[in-house]
Amino acid sequence: MSAEEVYRQEFPVKGGDFAKAGAVACLIKELLKDMGLDPKTVRRAAIAAYEAEMNVIMYAWEARVDLAVSPQEVRITVDDRGPGIADIELAMTEGYSTATTEMRELGFGAGMGLPNIKRNSDDLRVDSQTGRGTRLEIIIRTNGHVTT
Amino acid sequence: MIVLKDVLALLDGELLTPGASLEVACPKVFASDLMSDVLTSAEPGSLLLTGLANSHVIRTCSIADLAGVVFVQGKRPDAEAIDQARAESLPLIATKMPMFEVCSRIAGHVQDGGHER
């Protein structure tokens, strides 16, 4: 934990575990709410975390989700072991999807995951290596008010 | 704006989460079977109308701060999903009416200023 950070926690996510899909994002939402962040920031972080968690569950084998909160920002880093993204620019295009029929039947896989993460973050960095995995760094700036 | 107790009456609905407050007023209504679209476009406090009945609907509503869910066309989530909604104080309503009729009735009610016709 850096000097600026007031909270840091890591959560595991297992690929293919649809029954627990969203559990980490819900936990992150509760934690941020308890820290007194404003509801808009909490909602943006929760949606970005949920989309990222769903991507891990649908496409990757496993991931670590790291939540770091400072008075200036919420930083959610999702580091997965999985097939990676061959063309990040294409994956960031709204509507582009490689989802299976099963994923779509669950209400997901409309090709809005990464674009919606970008929409709900102030800064998004995506690094991926085909055959190894993907790392997302989601940054959401806060209004400076955090309690622990 | 529409209040959940009016939704229940208009749709001849069944409340799946007994004890949930029906006095909640929803400023917007969002109809979709795609949770991706709910996460992208539904505003906080909205009422969701959907034909998708699984636990991802409950979790999506919880994440996106939606006020309640109407399951259309006789669809019902399983007991586990209902328990999850109760734990999160998310009211669930089931109706046998199809999506178009549900949208039409709610739109008519809102256009009439919320008065019974």
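To be clear, the structure that these remarks concern was listed above.
Report follows, based on the coordinates. Throughout this description, residue numbers start from 1 for each chain and increase along the sequence as written. By the order in which they are written, chains take letters starting at A while ligands take numbers starting at 1. Given that this is a predicted model, residues contribute local features only at a pLDDT of at least 70 and side-chain atom pairs are listed and counted only at 80 or more, while totals for whole chains, interfaces and linings are drawn from all residues.

1. Examining the overall build of chain A
Only DSSP runs of H or I reaching four residues or more are called helices, and only runs of E reaching two or more are called strands; each is numbered from the N terminus. Within chain A, the secondary structure is distributed over five helices and five strands. Taken from the N to the C terminus, the helices and strands of chain A come in the order β-α-α-β-β-α-α-α-β-β. If one aligns the C-alpha atoms of chain A with their principal axes, the spans along those axes are about 45 × 25 × 25 Å. Counting over 148 residues, chain A shows a buried share of 39%. With C-beta atoms placed from the backbone, a contact is any residue pair whose C-beta atoms sit within 7 Å. A sequence separation of at least 24 residues applies to 67% of the contacts in chain A between residues at least 6 apart. In this scheme the burial state of a residue depends on its C-beta neighbours within 10 Å: 20 or more other such atoms mean buried, 12 or fewer mean exposed, and anything in between means partly exposed; the C-beta positions come from the backbone.

2. Remarks on the overall build of chain B
When its secondary structure is counted, chain B shows five helices and seven strands. Ordered by position in the sequence, the α and β elements of chain B form the string β-α-β-β-β-α-β-α-β-α-β-α. Computed over the C-alpha atoms, the radius of gyration of chain B is 13 Å, within 12% of the 13 Å expected from 2.2 N^0.38 for a compact globule of 117 residues. Overall, the C-alpha framework of chain B stretches about 35 × 30 × 25 Å when taken along its three principal axes. Classification of the 117 residues of chain B by burial places 42% in the buried group. With C-alpha atoms as the basis for the radius of gyration, the globule rule is written as 2.2 Å multiplied by the number of residues raised to the power 0.38.

3. Topic: the interface of chain B and chain A
A common way to express how large an interface is: the accessible area buried when the components associate. If you look at the interface, chain B gives 17 residues, while chain A gives 16 residues. Secondary-structure elements contributing two or more residues to the side of chain B that touches chain A are helix H2 (35–41) and helix H3 (55–63) of chain B. Of the residues that constitute the side of chain B that touches chain A, the class distribution is eight nonpolar, five polar and four charged. Each residue receives one of three labels: charged for Asp, Glu, Lys and Arg, nonpolar for Ala, Val, Leu, Ile, Met, Phe, Trp, Tyr, Cys and Pro, and polar for the others, Gly being one of them.

4. Section: the sheet that holds strand E3 (residues 73–81) of chain A
All names here are of chain A. Should DSSP find at least two bridges between two strands, the strands are taken to pair. Sheet architecture is open: five strands sit in the order E1-E2-E3-E5-E4, paired in antiparallel fashion. Strand pairing shows two members of the sheet lacking a second neighbour, strand E1 (7–14) and strand E4 (123–129), which therefore form its edges. When the angles between neighbouring strand axes are averaged without regard to direction, this sheet yields 10°. Sheet topology places strand E2 (residues 62–69) next to E3; eight bridges connect them, and they run antiparallel. Bridge pairing links Ala-68 to Arg-75 in E3. Fitting a line to C-alpha atoms yields each axis, with helices limited to the stretch in contact; the angle taken between N-to-C directions then spans 0 to 180 degrees. Packed on one face of the sheet, helix H1 (residues 23–34) meets E1, E2 and E3 and runs near 165° to E1. Lying on the sheet, helix H2 (residues 39–59) is in contact with E1, E2, E3 and strand E5 (133–141); it crosses E3 at an angle near 0°.

5. A few points about the nonpolar core
Of all hydrophobic cores here, the largest spans 72 residues; its most connected members are Ala45(A), Ala46(A), Ala48(A), Ala49(A), Ala52(A), Ile76(A) and Val70(B). Among the elements that take part in this core, H2(A) stands out by supplying 13 residues, more than any other. Excluding residues that lie within four positions of it along the chain, Ala48(A) makes contacts with Ile76(A), Ile117(A), Asn120(A), Ser121(A), Ile138(A) and Ile140(A). A set of buried Ala, Val, Leu, Ile, Met, Phe, Trp, Tyr and Cys residues, joined through C-beta atoms within 7 Å, is what we mean by a nonpolar core.

6. A look at the sheet that holds strand E5 (residues 47–50) of chain B
All names here are of chain B. Pairing is mixed across the open sheet formed by five strands, whose spatial order is E2-E7-E6-E5-E4. Where the open sheet ends on each side, the last strands, each with one partner, are strand E2 (14–15) and strand E4 (29–31). With four bridges connecting them, E5 and strand E6 (residues 68–71) associate as parallel partners. Looking across to E6, one finds that Leu-48 is bridged to Val-69.

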